[in-house]
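Analysis of the macromolecular model
One-letter residues, chain by chain:
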Amino acid sequence: MIEINTEQLNAALEDIAKRVQDTTPLMRAISVTLLDETMENFESQGRPAWMGLSKEYAQQRDGGQILRKSGILQNSIMPFHASTVAGVGTNVEYAATHQ
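Residues numbered from 1 in each chain as written. Predicted model: local features only at pLDDT ≥ 70, side-chain atom pairs only at ≥ 80, totals over all residues. Heavy atoms only, no water.

Section: the overall build of the protein
How we decide: Working definition: helices are DSSP H or I runs of at least four residues, strands are E runs of at least two. Numbering for both runs from the N terminus. The size measure is the radius of gyration over C-alpha atoms, and the globule rule it meets is 2.2 Å times the number of residues to the 0.38 power. For this analysis, residues touch if any pair of their heavy atoms sits within 4.5 Å. Here, Shrake-Rupley sampling with a 1.4 Å probe gives the accessible areas, and only protein chains in the shown set may cover a residue.
Each helix and strand counted, the protein has 4 helices and 2 strands in total. Counting helices and strands in the order they occur from the N terminus, the protein gives α-α-α-α-β-β. Relative to the globule expectation of 13 Å for 99 residues, the C-alpha radius of gyration of the protein, 22 Å, shows a markedly less compact shape. Taken along its principal axes, the extent of the C-alpha atoms in the protein is 80 × 30 × 15 Å. A separation threshold of at least 6 residues defines the contact pool for the protein, and within that pool the share at least 24 residues apart is 49%. Summed over its atoms, the accessible surface of the protein is roughly 8000 Å², and 55% of this surface lies on carbon and sulfur atoms.

Some remarks on helix 2 (residues 24-43)
Selection criterion: Every helix has an expected span of 1.5 Å times one less than the residues it contains.
Between its first and last C-alpha, helix 2 extends 29 Å over 20 residues, near the 28 Å set by a 1.5 Å rise per residue. Residues of helix 2 that are buried sit in contact with helix 4 (72-76), strand 1 (78-81) and strand 2 (86-89). Two residues or fewer after helix 2 comes glutamine 45, characterised by a positive phi angle close to 60°.

Section: the nonpolar core
Here is the rule we go by: We define a nonpolar core as any set of buried Ala, Val, Leu, Ile, Met, Phe, Trp, Tyr and Cys residues linked to one another through side-chain atoms lying within 4.5 Å. Working definition: with a 1.4 Å probe on protein chains only, accessible area under 20% of the residue-type maximum means buried, over 50% means exposed, and in between means partly exposed.
Grouped together as the largest cluster of nonpolar side chains are 6 residues: Leu35, Phe42, Leu73, Ile77, Val92 and Ala95. The contact partners of phenylalanine 42, leaving out residues within four places of it in the chain, are Leu67, Arg68, Leu73, Gln74 and Ile77.

Considerations on the side chain of serine 31
Positionally, serine 31 belongs in helix 2. Ignoring anything within four residues of it in the chain, the contact list for serine 31 reads Pro79, Phe80, His81, Ala86, Gly87 and Val88.

Observations concerning the pairing of strand 1
Note the cut-off: For two strands to be treated as a pair, DSSP must find no fewer than two bridges joining them.
Sheet analysis places strand 1 next to strand 2, joined by 4 bridges and oriented antiparallel. Its bridge partner being in strand 2, phenylalanine 80 is matched across the sheet by glycine 87. Remark: 4 residues form the turn of the hairpin made by strand 1 and strand 2, two consecutive strands paired antiparallel.

In short, shape yes, function no, at least from these values alone.
What follows is the structure, encoded as structure tokens:
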């Protein structure tokens, strides 16, 4: 007869179950990652790369940067999290048009 000792497996599964009961630390980490990725979008001027601004319009913009004129939107983006949700957001009214 074959006997299988599952004590270590059961202990490991119980440990995993305890860790996932409160996912707040995981959600916090995800929200920070989302913030980093959002900031990278600003730094790289969009991903995938945009076609670019026309020469005339670029001259009206500070350095011709896409996604950034005053920095208000970029600087307003904040991470948020709870036990079951993670994200980034802003209270800048015109942000929705830039999604």
